[in-house]
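Single-letter residue listing:
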Amino acid sequence: MKKFFKKFKFLIISALVVPMIFIILGVVPTGYDLYVPATVDDIKEVYEFDNYDNSNVNVYSVSILCYYKISVLTLIEAKMNPFAVLDEHNDFVNTSINYQYSSGSIQKNVSLTNALIAGFKKSEKDINYKFHGDIIHSIYGQTQSPFKIGDIIIECEGYEITEDLNVTQALVKKFGTKKQADGNYYVNLNLNDKYEFKVLRNKEEVTIEASTFLYEVDNIKIPILGISTYPYYTVLSSSIKYHITAPSSFGPSAGLMQSLYIYDVLSNSSLTKNLKIVGTGTVDVNGNAGAIGGVKAKVVAAYLSGADIFFVPSANYEEALEMHDKLNIKMKLVEVKNLDDAINYLKKYQNGSIESRV
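Participant: What exactly am I supposed to notice about the overall build of the protein chain here?
Facilitator: Scanning the protein chain for helices and strands turns up nine helices and 20 strands. For the protein chain, the spread of C-alpha atoms along the three principal axes comes to 90 × 55 × 40 Å. The burial tally for the protein chain puts 42% of its 358 residues in the buried class. A fraction of 70% describes how many contacts in the protein chain between residues 6 or more apart in sequence connect residues 24 or more apart. Of the roughly 19,300 Å² that the protein chain leaves accessible, carbon and sulfur atoms contribute 49%. In the protein chain, the 35 positive side-chain charges and the 39 negative ones have mean positions that sit 10 Å from each other.

In structure tokens:
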């Protein structure tokens, strides 16, 4: 046995050490998150309208998968994959499954309602809705926060939250702004000072005192409260009966495409006939498109699905264009600021007046 070990020592040690190295590389975390293409989903499966034909409407949302703080081995593999997208991990983000589910569910529900309202309004169909306040969809940077996911802020520092005055605007109105080292202006909040809010929690009004903490962005530290909100609406009635089947994906990024789908169905405009329209972007009740995350991976997912056109909000356009040009693909990448931009582009496209990819 000793002679055997001595003769094959190198091979034996290699057989033990090499797998051990791979195991270590597979579990040691890095400071990167990995975004990969997931699914492209037909919005026909989400909204159905009584007595309206959707057979010529071809609008799709796109989703991705995100893996937080990937291992060294996964990082090496990702760098060799042209379709993988890496980003530095933000330690202020809560990555627990329960949190991601709660936050993503609220963002998706807001998205479904906003798209419905925007689509009805643009197609000039009657819809009645009510504003309730600013709903908290994300909490970050604090291990213990007086806020809860789903709280609806109805008052901030004595100012009533309305459609024309959100939480940030109320704080600016009360405390003004301060220029920071990066040249941008932020709400002039003081570290550890307490700020008063009134929220609706499980339909009951609760008064909250929240303090700030230091948040690092672009290598500067600023005091923030650590919450993100959306205006929260509910639909009271509509002139057309509809049915919503909640999709399996989470988050708000399908909003713009949902509103485009609703408009195309209710207006009978056939804007997306004989096309595969994929896109991303949040949407508000007035049809304005907002920024989303993971846009590079979403460009890849749209391309792999055979999309003809990919709509992207202005805030994400340059990032999306970088991936689009890297892949050197024929799919048309179109920058939009709102629902109107997407509709007008499709009208021109169907009329044959658009030739270039942008």
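Participant: Teacher, can you tell me more about the nonpolar core here?
Facilitator: As a rule of thumb, soluble globular proteins bury nonpolar side chains together. The biggest cluster of nonpolar side chains holds 55 residues, and the ones touching the most others in it are Tyr47, Phe49, Phe197 and Phe311. Broken down by element, this core gets its largest block of residues, eight residues, from helix H6 (residues 255-267). Tyr47 has contacts with Ser111, Leu112, Ala115, Leu116, His243, Ile244, Gln258, Tyr261 and Ile262, leaving out every residue within four places of it along the chain.

Participant: Can you help me understand the packing of aromatic side chains in this one?
Facilitator: Aromatic ring pairs are described here by two measures, namely the spacing of the ring centres and the angle between the planes. Counting across every chain of the model gives 13 aromatic pairs. On the basis of an interplanar angle of 35° and a centroid distance of 6.0 Å, the ring pair of Phe92 and Phe213 is categorised as tilted. Of this pair, Phe92 sits in the loop between strand S4 (85-88) and helix H4 (97-122) while Phe213 sits in strand S12 (residues 213-217), placing them 121 residues apart in sequence. We classify Phe92 as partly exposed; its relative accessible area is 24%. Aromatic pair Phe147 and Phe197: ring centres 5.2 Å apart, planes at 75°, arrangement edge-to-face. In this pair, Phe147 is assigned in the loop between strand S5 (127-139) and strand S6 (152-156) and Phe197 in strand S10 (residues 194-201), connecting sequence segments 50 residues apart. Under the relative-accessibility criterion, Phe147 is labelled buried at 3%. Between the NZ or CZ atom of Lys276 and the centre of the ring of Tyr60, over which it lies, the distance is 4.9 Å.

Participant: Looking at this structure, how should I read the pairing of strand S20 (residues 332-336)?
Facilitator: Along a regular strand, successive side chains alternate from one face of the sheet to the other. Counted residue by residue, S20 has four buried out of five residues, so it is predominantly covered. Where strand S19 (residues 309-313) lies against S20, five bridges are found, and the strand directions are parallel. Opposite Phe311, over in S20, you have Val334 as the bridge partner.

Participant: Explain helix H9 (residues 339-350) here, please?
Facilitator: Each α-helix turn comprises 3.6 residues. Residues three or four places apart therefore point the same way. In this model, H9 (twelve residues) spans 17 Å end to end at C-alpha, consistent with the 16 Å of a helix rising 1.5 Å per residue. For H9, the set of buried residues is Leu339, Ala342, Ile343, Tyr345 and Leu346. Buried residues of H9, viewed axially, fall in a sector of 165°; they line one side. Among the structural elements, H4, H6, strand S16 (277-279), S19 and S20 are those in contact with the buried residues of H9. At the N-terminal end of H9, a side-chain oxygen is found 3.2 Å from the backbone nitrogen of Asp340, two or three residues along, and the residue is Asn338. One or two residues past the end of H9 sits Gly352, with phi positive at roughly 80°.

Participant: Is there a simple way to think about the pattern of salt bridges in this case?
Facilitator: Side chains that differ in charge, positive against negative, can pair when their charged atoms come close. In this structure the tally under the stated criterion is five salt bridges. As a salt-bridge pair, Lys174 and Glu157 come within 2.8 Å of each other at their nearest N and O atoms. With Lys174 in helix H5 (residues 167-175) and Glu157 in the loop between S6 and strand S7 (159-160), this residue pair connects regions lying 17 residues apart in the sequence. For Lys174, a relative accessible area of 40% gives the class partly exposed. Between Glu322 and Lys296 there is a salt bridge, and its shortest N-O distance comes to 3.2 Å. Highlighted residues: Glu322 in helix H8 (residues 317-327) and Lys296 in helix H7 (residues 295-304), separated in sequence by 26 residues. For Lys296, a relative accessible area of 18% corresponds to the buried category.

Participant: So what exactly am I meant to see when it comes to the sheet that holds S4 here?
Facilitator: Strand pairing in a sheet takes place through backbone hydrogen bonds and is either antiparallel or parallel in direction. Strand order in the open sheet formed by six strands is S4-S1-S3-S16-S19-S20, and the pairing between neighbours is mixed. Every other strand in the sheet has two partners, leaving S4 and S20 as the edge strands with one partner each. Within the sheet, the average angular offset between the axes of one strand and its neighbour, ignoring direction, is 35°. Examined bridge by bridge, S16 and S19 share three bridges and lie parallel to one another. When the bridges of S19 are listed, Ile277 appears paired with Ile309. The strands that H7 touches are strand S1 (32-42), strand S3 (59-67), S4, S16 and S19; relative to S1, the one it contacts most, it runs at about 40°.

Participant: Honestly, the packing of H4 against H6 in this entry has me stumped. Any pointers?
Facilitator: Between two packed helices, what matters for the description is the angle formed by their axes and the separation of those axes. Remark: H4 packs on H6, axes separated minimally by 8 Å, with the N-to-C direction vectors making an angle of 35°. Considering the relative orientation of H4 and H6, their crossing is right-handed. On the side of H4, the interface is formed by Lys108, Ser111, Leu112, Ala115, Leu116, Ala118, Gly119, Phe120 and Lys122, while H6 contributes Gly255, Gln258, Ser259, Ile262, Tyr263 and Leu266. Per-class residue counts for the contact of H4 with H6 are eight nonpolar, five polar and two charged.

Participant: Help me understand the pairing of S12, please; the structure alone is not making it clear to me.
Facilitator: Bridge count for S12 against strand S13 (residues 220-224) is five bridges, and the pairing is antiparallel. Within S13, the position partnered with Val217 by the bridge is Ile220. Taken together, S12 and the strand that follows it, S13, pair antiparallel across an intervening segment of two residues, in which Asp218 is found at a positive phi of about 50°.

Scoring rules and cut-offs
Residues numbered from 1 in each chain as written. Predicted model: local features only at pLDDT ≥ 70, side-chain atom pairs only at ≥ 80, totals over all residues. Heavy atoms only, no water. Helix = DSSP H or I, 4+ residues; strand = E, 2+ residues; numbered from the N terminus. Buried < 20%, exposed > 50% of the residue type's maximum accessible area, 1.4 Å probe, protein only. Contact = heavy atoms within 4.5 Å. Areas by Shrake-Rupley, 256 points an atom, 1.4 Å probe, with all protein chains shown as cover. Lys, Arg positive; Asp, Glu negative; His and termini not counted. Charge placed at Lys NZ, Arg CZ, Asp CG, Glu CD. Core = buried A, V, L, I, M, F, W, Y, C linked by side-chain atoms within 4.5 Å. Phe/Tyr/Trp six-rings, centres within 6.5 Å; stacked < 30°, edge-to-face > 60°. Lys NZ or Arg CZ within 6 Å of the ring centre and 35° of its normal. Pairing = 2+ DSSP bridges. Expected span 1.5 Å × (residues − 1). Arc of directions from axis to C-beta. Polar contact = N/O pair within 3.5 Å; in protein donor to acceptor, adjacent residues only side chain to side chain. Salt bridge = Lys/Arg side-chain N within 4 Å of Asp/Glu carboxyl O. Axes fitted to C-alpha atoms, helices over the stretch in contact; angles between N-to-C directions. Left-handed = near helix turned anticlockwise from the far one by under 90°. Nonpolar A, V, L, I, M, F, W, Y, C, P; charged D, E, K, R; others polar.

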